[in-house]
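Examining the three-dimensional arrangement
What follows is the residue order along each chain.
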Amino acid sequence: MGAVTAISFLFLSLLLLLLPDPSLSLPLCTDSRAPFTLNTTLSFCPYNGSSCCNSTHDLQLQKQFQAMNISDAACASLLKSILCARCDPYSAELFTVSSVPRPVAVLCNSTVSANSSQSSQAAKDFCSNVWDTCQNANVLNSPFAPSLRGQPGLPANSSFNKLNVVWQSKADFCNAFGGASTDESVCYAGEPVTLNNNTETPSDDPHGLCLEKIGNGSYLSMVAHPDGSNRAFFSSQQGKIWLATIPEQGSGETLGFDESSPFIDLTDEVYFNTEFGMMGMAFHPNFAQNGRFFASFNCDKVKWPGCTGRCSCNSDVNCDPSKLPPDNGAQPCQYQTVIAEYTANDTASKASLGTTAKPLEVRRIFTMGLPFTSHHGGQILFGPSDGYLYFMMGDGGGAGGDPYNFSQNKKSLLGKIMRLDVDNIPSAAEIDKLNLWGNYSIPKDNPFSEDSDLQPEIWALGVRNPWRCSFDSERPSYFMCADVGQDTYEEVDVITKGGNYGWRAYEGPNLFTPQQSPGGNTSSESISPIFPVMGYYHSDINKNEGSASITGGYFYRSQIDPCMYGREMSSLGATNTLLSIDDVVVASLLIHYRSFRYLYGDLYAGAMWAGTETPENSGNFTSRKIPFSCGRDSPIQCTSLPGSALPSLGYIFSFGEDNRKDNFILASSGVYRVVRPSRCNYTCSKENVTAVGSPSPTSPPSNAGQLHGSFILALFSSLLLLLLGVIF
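Residues numbered from 1 in each chain as written. Predicted model: local features only at pLDDT ≥ 70, side-chain atom pairs only at ≥ 80, totals over all residues. Heavy atoms only, no water.

Details of the sheet that holds strand β29 (residues 621-625)
To summarise the sheet geometry, strands pair through backbone hydrogen bonds and adopt either a parallel or an antiparallel arrangement. Pairing is antiparallel across the open sheet formed by four strands, whose spatial order is β26-β27-β28-β29. In the strand order of this sheet, the two ends are held by β26 (550-555) and β29, each with one partner. Here the strands of the sheet are splayed against their neighbours by 25 degrees on average, with no regard to which way each runs. One ladder, built from four bridges, connects β26 with strand β27 (residues 596-602); its direction is antiparallel. If you follow I550 over to β27, its bridge partner there is D602. (Pairing = 2+ DSSP bridges. Helix = DSSP H or I, 4+ residues; strand = E, 2+ residues; numbered from the N terminus. Axes fitted to C-alpha atoms, helices over the stretch in contact; angles between N-to-C directions.)

Right, here's the structure in full:
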């Protein structure tokens, strides 16, 4: 009977581990916007640098505090700090628990894990301190008056204003307003939230990135098949998409597909040139059932009748296309940017079985004329949490420096990241009434609902030419975009709702002065820019020519290179001995991977960087250039740069991620996959050198993240041994 109980408990432990963890969040305000940088310290609340309050919010909190007329000075000091928690850069997490808004921040009150990101602050048991200090104080309009979570309390308009009248005991009070700081959350301890600055040991750092070449083709985009299988879509800039099978690591095999039989061929519609072509593709989250997918490309209205749309240079943005000069021989808005929807063939029973699609548009989602012949981004992505389509659009180019200031113009869609609802298509009359650019609707929580000056499609503004963005598969709130610079700086940004990323008032962290401004200027003092979390100066990688162009990548989430993944608290390896149930449970509680690294590169220089967030979930990154080489046992032999040990990748167009969470590099010379570091003689103390590769995905991946393969093996090995003990 005891063994059966142990087996049941083991199953339960495994089930709990496979359930999705709460998404760890970066600093965010209660309105889902990023904190902004203060030029001076607030006069009432003790915040400087990064804050969710400006001087207006600060004054409102001061008036609220004065109206409370608190009778006790010590209590007044505590309640002032609690009011000011609204200004904390982590206020979104402090004031929201399980998606439920709270009137008061979560007050630290419980035993804190030694591994908590906030253990040094949270151990103070701040909630008990508030009760002990304020229980007998008179407080008008007390924020603690309402009942919360069904706990005992009185209505907000109650005449009682003492804690010990409204609440029966300290325990009741702290059950309602208190909370512990765990690894996944923060709590308020009477001062601005700070996270532990846990650093990794040098042995945890990756010594280099090992690659294998598995394809010779040149592709611009890669998207894992939404059915969770070991297949992925690859697209060329010319306008074709292929469906390929990703080989097992260590198998010696290459990408499996027939280049002569693409999944879809849109080359008749796509205008291809150095700056133009098919720029992105996105597959509906329910593609495996509905077969819907989307292509983002450029077209030439001179060559294709279907290339029709309004010009982005128009009276709404104070731009007259008749006054724009030709650009590289093209007239203004001769070229258009398009998002079109298609459907996979053989979708009657199961769309995931479809291997081809006809180039017949189901509907035109978006069409907009381009004023110039560069800087038009074009990537599209579905948000993993909201299911909306994100569209990355550059500033339109021109003579350089965004001369018409489109990026800061809130009525222009150039230099923006857009967010569209492609599941709820309005009628033609509604589209015309709302002056939309195609068949989509506007998510109700887009930033325009808070800033009426913004075009409703806009999610973020002030970007120059976003080139490759991605959502972190384990923390969807981390939406990373690389933005190509002008003359000096290449940047990586964490994109948040309504964020202004500074261009063209700033290039990266530096003020920018345009050479010409026919479209007017935006002063740096009039905006609150969000500065890059990572980046590099052109001179750092190419001192002779100074040319650079960033290519954004992904947070590394594969288990193939554990040093690239980052530090782990503990690990349970495969075992040949019978573990006690206590051993298994303790080990299961200790498994927790931390330390997050973002991989990105440069188009020209063949350089790549690993950016590490320290402490985790702080939004503070440090990055370092990471060496890379190609394994001698690569399925396709790699060539080397003359006079260099680096493999000759050519241009780094994009990064990719498959359903195993393995990372790929899409280069002009072929497709490369990141593999075990030992295959290139790089040292990683945590590498399991007996492992061949990542587990093959056979079903859609869960949101629980990737558990270590040895841990899963240990659990099932232990389970099998326990079963044998019961049987025999």
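Let's talk about the environment of K80
Mapped onto the secondary structure, K80 falls in helix α3 (residues 73-84). Its relative accessible area of 28% is what places K80 among the partly exposed residues. Expressed as a C-alpha distance, the spacing of K80 and P46, which sit 34 residues apart in the sequence, is 10.0 Å. With near-sequence residues (within four places) excluded, K80 lies in contact with F44 and F65. (Buried < 20%, exposed > 50% of the residue type's maximum accessible area, 1.4 Å probe, protein only. Contact = heavy atoms within 4.5 Å.)

Quick word on the packing of helix α6 (residues 126-134) against helix α8 (residues 170-177)
Interaxial distance between α6 and α8 falls to 10 Å at its minimum, and their mutual angle equals 135 degrees. With respect to α8, the element α6 is oriented oblique. The interaxial crossing formed by α6 with α8 has right-handed handedness. Where α6 approaches α8, its residues C127, S128, V130, W131 and D132 are matched on the opposing element by K170, F173 and C174. (Parallel < 35°, antiparallel > 145°, perpendicular 65-115°, else oblique. Left-handed = near helix turned anticlockwise from the far one by under 90°.)

Some thoughts on the packing of helix α2 (residues 55-68) against α3
Two numbers describe how α2 lies on α3: the axes approach to 10 Å, and their chain directions differ by 145 degrees. The two elements α2 and α3 meet at a crossing, and its hand is right-handed. Residues L61, Q64, F65 and M68 of α2 form the contact with α3, whose own contacting residues are A76, L79, K80, L83 and C84. Class assignment of the residues belonging to the contact of α2 with α3 gives a composition of seven nonpolar, one polar and one charged. (Nonpolar A, V, L, I, M, F, W, Y, C, P; charged D, E, K, R; others polar.)

With respect to the environment of T373
For T373, the location among the structural elements is in the loop between β15 (363-369) and β16 (380-382). Taking the C-alpha atoms as reference, T373 lies 7.0 Å from E275; in sequence the two are 98 residues apart. In this structure T373 touches E275, F276, D327, N328, A330, Y335 and G396, once residues within four positions along its chain are discounted. In this structure the side chain of T373 is engaged in a polar contact, spanning 2.8 Å, whose partner is the side chain of N328. (Polar contact = N/O pair within 3.5 Å; in protein donor to acceptor, adjacent residues only side chain to side chain.)

A word on α3
Under the 1.5 Å per step criterion, the end-to-end length of α3 is 17 Å for twelve residues, consistent within 8% with the ideal 16 Å. Of the residues making up α3, those classed as buried are C75, A76, L78, L79, S81, I82, L83 and C84. Packing partners of the buried residues in α3 comprise α2, β5 (107-108) and α6. The distance from a side-chain oxygen at the start of α3 to the backbone nitrogen of A74 is 3.1 Å, and the residue carrying that oxygen is D72. (Expected span 1.5 Å × (residues − 1).)

A short note on the pairing of β15
Successive side chains on a regular strand alternate, one facing one side of the sheet and the next facing the other. Among the seven residues that make up β15, six are buried, leaving the element largely enclosed by the rest of the structure. Examined bridge by bridge, strand β14 (residues 335-343) and β15 share six bridges and lie antiparallel to one another. Among the inter-strand pairings, T337 is bridged to a residue of β15, identified as M368.

What about the sheet that holds strand β13 (residues 292-300)?
With antiparallel pairing, the four strands of this open sheet are ordered in space as β12-β13-β14-β15. The sheet is open, and its two borders are formed by β12 (278-283) and β15, each paired with just one other strand. Adjacent strand axes in the sheet meet at a mean angle of 15 degrees, parallel and antiparallel pairs treated alike. Two elements, β13 and β14, share nine bridges in a ladder whose sense is antiparallel. The partner of F294 across the bridge, within β14, is E341.

Notes on the side chain of S296
With respect to the helices and strands, S296 occurs in strand β13. Judged by relative accessible area, S296 falls into the buried class, the value being 1%. S296 has contacts with G277, M278, M279, G280, V338, I339, G378, I380 and F391, leaving out every residue within four places of it along the chain.

Topic: the packing of aromatic side chains
All told, the structure shown has 46 aromatic pairs when counted by the stated rule. Above the face of the W437 ring, R310 is positioned so that its terminal group lies 3.8 Å from the ring centre. (Phe/Tyr/Trp six-rings, centres within 6.5 Å; stacked < 30°, edge-to-face > 60°. Lys NZ or Arg CZ within 6 Å of the ring centre and 35° of its normal.)

Observations regarding the pattern of salt bridges
A complete count under the given rule lists 23 salt bridges for this structure. One salt bridge connects R597 with D205, and the closest N-O pair in it is separated by 3.0 Å. Of this pair, R597 sits in strand β27 while D205 sits in the loop between β6 (178-179) and β7 (209-215); the two residues are 392 residues apart in sequence, bridging distant segments of the chain. Under the relative-accessibility criterion, D205 is labelled partly exposed at 26%. Between D423 and R292 there is a salt bridge whose closest N-O contact spans 2.8 Å. With a gap of 131 residues between them, D423 in the loop between β18 (416-420) and α10 (428-434) and R292 in strand β13 connect regions that are remote in the sequence. It is possible to trace a salt-bridge network through shared partners that takes in D472, E474, R475, R557 and E613. (Salt bridge = Lys/Arg side-chain N within 4 Å of Asp/Glu carboxyl O.)

Details of the confidence of the model for the protein
Scored by pLDDT, the protein comes out at a mean of 84, with 80% of its residues at no less than 70. Confidence drops under pLDDT 50 across residues 698-728; counting only partners more than four residues distant or on other chains, this segment forms 62 contacts. (pLDDT = per-residue confidence, 0-100.)

Topic: the state of the cysteines
For the structure on display, the rule yields 13 disulfides. Note that C45 is cross-linked by a disulfide to C84, the S-S spacing being 2.0 Å. Between C45 and C84, the S-S torsion sits near -80 degrees, and that sign places the bridge as left-handed. Remark: C84 occurs in helix α3 and C45 occurs in the loop between β1 (36-37) and β2 (50-51); sequence separation between them is 39 residues. Judged by relative accessible area, which is 1%, C84 ranks as buried. (Disulfide = S-S within 2.5 Å.)

What to know about unusual backbone geometry
A cis amide bond links W503 with the next residue in sequence, R504, at an omega value of 10 degrees. When you line up the elements, R504 lands in the loop between β22 (489-494) and β23 (506-507). The linkage connecting T614 with the following residue, P615, adopts the cis geometry, with an omega of -10 degrees. With respect to the helices, strands and loops of the structure, P615 is situated in the loop between β28 (608-613) and β29. With phi around 65 degrees, N617 is a residue other than glycine that occupies positive phi space. Mapped onto the secondary structure, N617 falls in the loop between β28 and β29.

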